[in-house]
Amino acid sequence: GGSPDKRAQTLRLNVGRMLQHFVNVMHNAGRGGGVDDGVDKVAGDPSMVLYSGHDWTLMPLLMVLSGPAHRDTWPQYAADLTLELWESGDDTEESRIGSGGSGSDDFVGRNTTPRMANRWVRVLYCGRRLPLAAACTGETTAASPQLAEAGFVALKDFVRFLEDGDFLIKSPEQ
């Protein structure tokens with residue numbers, strides 16, 4: 001229930017700082033400087049950052065990321081949400097996706113030169129691709145149909161979706 005504006009405001013207040021932190025970590029991945037944004041301090045350049053929460057934390061994240069698909073569905077017991085960050089090794093990322101499976105093995109998982117244009121996000125819910133909200137697909141993602149079909153969204157489209165939906169809350173230091 002409620003108006004879309006009220007729903008967006010409620011979601012922003014529930015998970016806005018957490019989503020901003022995830023974006024900060026993804027932006028700084030590969031730079032070695034870590035993140036200290038008032039939400040959490042991530043030192044160095046970890047290959048994985050793990051957080052735990054409860055269903056009442058997971059529910060608003062699912063509502064933001066997948067839109068109405070999870071609006072009326074409570075997370076299953078022991079559910080997990082994975083945000084993967086991938087970087088293609090060159091400008092021909094479409095050719096790097098194989099025809100079998102998700103194609104993840106064809107990516108260069110961590111490159112030492114962070115370039116947002118070649119960074120891709122994929123979200124998994126309980127080990128399966130989470131269909132992201134339609135508004136999450138932007139110009140860059142649309143230009144790479146093989147990546148989009150494999151469940152990847154360009155990082156800049158992902159961030160633009162969160163910014164346009166007013167879901168992010170920056171810490172006072174930012």
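This text follows the structure it describes.
1. Some points on the packing of aromatic side chains
Scanning all chains against the criterion turns up three aromatic pairs. Judged by centre distance (5.8 Å) and plane angle (50°), the ring pair of Phe22 and Tyr51 falls under tilted. In this pair, Phe22 is assigned in helix H1 (residues 4–28) and Tyr51 in the loop between strand E2 (41–42) and helix H2 (55–66), connecting sequence segments 29 residues apart. Taking relative accessible area as the criterion, Phe22 reaches 16% and is therefore assigned buried. Taking the relative accessible area as the measure of exposure, Tyr51 reaches 35% and is therefore partly exposed. Ring centres of Phe161 and Phe167 lie 6.0 Å apart, and the angle between their planes is 45°; this geometry places the pair in the tilted category. Note on accessibility: Phe161 and Phe167 belong to one class, buried.

2. Considerations on the environment of Ala69
Checked against the element boundaries, Ala69 lands in the loop between H2 and strand E3 (81–87). Relative accessible area serves as the criterion here: at 55%, Ala69 is assigned to the exposed category. C-alpha separation for the pair Ala69 and Leu130, spaced 61 residues apart in sequence, amounts to 9.7 Å.

3. Structural notes on the pairing of strand E4 (residues 119–125)
The buried fraction of E4 is high, at seven of seven residues. Side chains Arg119, Val121, Val123 and Tyr125 of E4 all project onto a buried face; the interleaved residues Trp120, Arg122 and Leu124 project onto the opposite face, where all are buried too. Inspection of the sheet shows E3 paired to E4 by seven bridges, in the antiparallel sense. If you follow Leu81 over to E4, its bridge partner there is Tyr125.

4. Observations concerning the nonpolar core
Inside soluble globular proteins, nonpolar side chains tend to come together where they are buried. Judged by nonpolar contacts, the single largest core of 28 residues is most densely connected at Leu19, Val64, Phe158 and Leu162. Counting only elements with at least two residues in this core, the list comes to H1, H2, E4 and helix H5 (155–164). Sequence-distant contacts of Leu162, defined by excluding residues within four places in its chain, comprise Leu19, Val23, Val64, Phe167 and Leu168. Ranked by size, the runner-up nonpolar core spans six residues in total, among them Trp86, Leu147, Phe152 and Ala154.

5. Looking at the packing of H1 against H5
For the pair H1 and H5, the least separation of the axes is 11 Å and the interaxial angle reads 160°. Relative to H5, the element H1 is oriented roughly antiparallel. As for the relative orientation of H1 and H5, their crossing is left-handed in sense. On the side of H1, the interface is formed by Leu19, Val23, Met26 and His27, while H5 contributes Leu155, Phe158, Val159 and Leu162. Here the contact of H1 with H5 is built from residues that sort into seven nonpolar, one polar and no charged.

6. A short note on the environment of Asp166
Positionally, Asp166 belongs in the segment after H5. Distance from Asp166 to Gly16, taken between C-alpha atoms, is 8.5 Å for residues 150 residues apart in sequence.

7. As for the side chain of Glu84
With respect to the element layout, Glu84 can be found in strand E3. A polar side-chain atom of Glu84 sits 3.0 Å from a polar atom in the side chain of Trp86. Those residues in contact with Glu84 that sit more than four places away from it in its chain are Trp120, Val121, Arg122 and Leu124.

8. Digging into unusual backbone geometry
The backbone phi angle of Ala78 is positive, close to 60°, even though this residue is not glycine. Examined against the element boundaries, Ala78 turns out to sit in the loop between H2 and E3. In this structure, Cys126 is a non-glycine residue whose phi angle is positive, near 55°. By the secondary structure assignment, Cys126 is in the loop between E4 and strand E5 (128–129).

Rules of the game
Residues numbered from 1 in each chain as written. Predicted model: local features only at pLDDT ≥ 70, side-chain atom pairs only at ≥ 80, totals over all residues. Heavy atoms only, no water. Phe/Tyr/Trp six-rings, centres within 6.5 Å; stacked < 30°, edge-to-face > 60°. Helix = DSSP H or I, 4+ residues; strand = E, 2+ residues; numbered from the N terminus. Buried < 20%, exposed > 50% of the residue type's maximum accessible area, 1.4 Å probe, protein only. Pairing = 2+ DSSP bridges. Core = buried A, V, L, I, M, F, W, Y, C linked by side-chain atoms within 4.5 Å. Contact = heavy atoms within 4.5 Å. Axes fitted to C-alpha atoms, helices over the stretch in contact; angles between N-to-C directions. Parallel < 35°, antiparallel > 145°, perpendicular 65-115°, else oblique. Left-handed = near helix turned anticlockwise from the far one by under 90°. Nonpolar A, V, L, I, M, F, W, Y, C, P; charged D, E, K, R; others polar. Polar contact = N/O pair within 3.5 Å; in protein donor to acceptor, adjacent residues only side chain to side chain.

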